[in-house]
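Take a look at the letters that make up each chain.
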Amino acid sequence: MNQRTDKNLHISILSPVHIGCDSDLDPTQFVIQDEVLHLLHPEAMLSAFTGQERQELLNTLQSSDANSLGNLFQLLKSRRDKLAQASVRVVDVARALVTTYENLGKNTQKGNSDNSNSKVINRMRIMRTAFDPFTLDAYLPGSSLKGSIRTAWLDFINNQRPVQVGEDRLNFAANRRLQQRLLGYTDSHLENDPLRHVQLADAHICDEETPLPTRILYAVSKSKRPGKESKSAPSVPMEVIHEALPNAFKGQLRLTGDNKINWDSLCQACNRFYVQQLKDELEHQVLGNMLNPMWRKTMQQLLVVLQPQIQANKGFLLRVGKHSGAESVTLNGVRAIAIRGARGSGKNRGSTSEKRFASAQRDSAKATHNLLPFGWLWVSLEADAVLSEALSPMSKAACEQYLNYKQQALIKEAKRQETLSEQQEQARVRAAEKLAQEQQEAERAERLAQLSDNQRLIQEWVYEFQSHHERYPQFKEKMGGAWHNKARQIIKLAHENPAWTGDEKRCLVEAVTAWLPKLVSVDMKVERRNLKFAALLGDV
């Protein structure tokens, strides 16, 4: 009988989660301002630049310089005040990454700039967690959730029994043989795999109006042995979904076919496999004391308050994503983890000697406290009020911080848009004024073309006086100055040139009488005698 059962899932994030998506943030896709990463979009980035800055950006992009990427990084960094206001998302970043960002590109030695392409890329590349390319929100792929469930189910079926001949090798074929035996299918009959009837949809954020906070941390290796320090190289920074977020994602589980796997058995399998692993991690004699104390205490309390839900099969623990640990992806009783040594040597062990944790520190040696394990989730059929209350102290601080970043970004964007609107209005006004001036100039030139040479000279003289007066309405010079001399020169020209007609002379006298007092402190009754207006007009 072909049956189908759908169950809506509520998924809470207990510790930082990073699920790889083969996508990195390179240093030309963001800026860091005020210890916050601002994710850039090409259109928003261009809108934040002036015409001259856009040309500089274009020149840098088209440059054949070997350090073109480093130069582009420095250009964006120098304009980060503007670019931060145009960002499409804000992300909290580890202080160590902020320090790297600020120092990158500074001269490390005289004449040597730390600006090469390889250094910029290697130091500032950030591994992104799986995200929706349209909304940019993080999500949990159904394949990752199902992979973790499959491991727990295989462990549940095997029940710590040892492997059989041919299954004890660390290769894909041996792993396949083990799974086929436990689940009862073959390569020619994959449909018999019972987990083919367990389907999980991608889990997306519950509140689409409030994007979940992510942040940038480092994955550091810590030795499980007392006094032993990890020799692992500094880690690449990675984006993680913030820890302690109750009921953050909604997903769906579908059970199809005549399947023995049901909700209760999934809860039992996952909790039997993962609960003890979380307890061991919290109580580890070396690593336990390095955990963030608030997170550790919260998880210890959570395991107690969730015990009734665990017993009643109302939910289950999962561990997903990168750095969840080899113990979380291998079966109890048959676990054989390859520990690599020098030049490919090594041996198989039942547990690892090191473990990766999320840290704000870049170097493992400095990461000795406030560590967080990767990948812990709680999955339930209903929003869990008990869990929400237990996580509230940590989740409230994280969400408030993110909302504050978001609010500040919105304020900055609104201010940028207001400034942009003002600039556009000012440009429109300037363009209108320029057009009006050009039209006036065209009309004036047309009028001048219809005048005689002397009439044109008078109009140009008037235009010069008028323009200066409109620009500087309070201006007025003493007699004998430049403007006074301009009036004397044109009157003298009219006196001495017999080609001036009577109408042209009268027009000149009217113009001088009207405009000279506006720019020169002069008594026109006296000035008329000095300029011999009567003689000029009497010659008519």
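Right above here is the structure, for reference.
Residues numbered from 1 in each chain as written. Predicted model: local features only at pLDDT ≥ 70, side-chain atom pairs only at ≥ 80, totals over all residues. Heavy atoms only, no water.

Undergrad: How should the state of the cysteines be read in this particular structure?
TA: Defined simply, a disulfide is a covalent bond joining two cysteines at their sulfur atoms. With the rule as written, the count across this model stands at 0 disulfides. C270 carries a free sulfur, and the closest cysteine sulfur to it, the one in C267, is 7.4 Å from it. Judged by relative accessible area, C270 falls into the buried class, the value being 0%. (Disulfide = S-S within 2.5 Å. Buried < 20%, exposed > 50% of the residue type's maximum accessible area, 1.4 Å probe, protein only.)

Undergrad: Looking at this structure, how should I read the pattern of salt bridges?
TA: Where charged atoms from two side chains of opposite charge come close, those side chains can pair. In total, this model carries 20 salt bridges according to the counting rule given. In this structure, R128 and E239 form a salt bridge, with 3.4 Å as the shortest nitrogen-oxygen distance. Separated by 111 residues along the polypeptide, R128 in strand β8 (residues 126-129) and E239 in strand β12 (residues 237-241) bring together distant segments of the chain. Look at E239 and you get buried, because its relative accessible area is 6%. (Salt bridge = Lys/Arg side-chain N within 4 Å of Asp/Glu carboxyl O. Helix = DSSP H or I, 4+ residues; strand = E, 2+ residues; numbered from the N terminus.)

Undergrad: I keep staring at a nonpolar patch on the surface and nothing clicks. Help me out?
TA: A contiguous nonpolar patch, built from V304, V305 and V386 and spanning about 220 Å² of accessible area, is present on the exposed surface. When you line up the elements, V305 lands in helix α10 (residues 293-305). A relative accessible area of 32% places V305 in the partly exposed class. (Patch = residues over 30% accessible without salt bridge, like charges linked within 9 Å, V, L, I, M, F, W, Y side chains within 5 Å. Areas by Shrake-Rupley, 256 points an atom, 1.4 Å probe, with all protein chains shown as cover.)

Undergrad: What's the story with the nonpolar core in this structure? I'm lost.
TA: The nonpolar side chains of a soluble globular protein tend to be buried with one another. Grouped together as the largest cluster of nonpolar side chains are 109 residues, with contacts concentrated most on L140 and F249. The element best represented in this core is helix α9 (residues 263-283), accounting for 10 residues. What L140 contacts, discounting residues up to four positions off in sequence, is I11, I13, V17, I19, L145, D202, A203, I241, F249 and L377. Membership of the second largest hydrophobic core comes to 23 residues, among which are W483, A487, A511 and F533. (Core = buried A, V, L, I, M, F, W, Y, C linked by side-chain atoms within 4.5 Å. Contact = heavy atoms within 4.5 Å.)

Undergrad: When you look at the pairing of strand β1 (residues 4-13) in this model, what are you seeing that I'm missing?
TA: Pairing of β1 with strand β13 (residues 245-256), which is carried by 9 bridges, proceeds in the antiparallel orientation. In the strand pairing of β13, D6 is matched with R254. As paired strands, β1 and strand β18 (residues 376-380) are joined by 4 bridges and run antiparallel to one another. Looking across to β18, one finds that S12 is bridged to W378. (Pairing = 2+ DSSP bridges.)

Undergrad: I tried to follow the packing of aromatic side chains on my own but got confused; where do I start?
TA: For any two aromatic rings, the description comes down to two numbers: the centre-to-centre distance and the angle of the planes. A full pass over the atoms with the stated rule returns 8 aromatic pairs. Note on F273 and Y274: the rings are 4.8 Å apart at their centroids and 80° apart in plane angle, and the pair reads as edge-to-face. On the basis of relative accessibility, which here comes to 1%, the residue F273 falls in the buried class. Residue class for Y274 comes out buried when judged on its relative accessible area of 0%. One aromatic cluster in this structure is built from F30, F73 and Y101. In this structure, K77 packs its charged tip against the face of Y101, placed 5.3 Å from the ring centre. (Phe/Tyr/Trp six-rings, centres within 6.5 Å; stacked < 30°, edge-to-face > 60°. Lys NZ or Arg CZ within 6 Å of the ring centre and 35° of its normal.)

The quantities given are spatial measurements derived from coordinates; they are silent on function.
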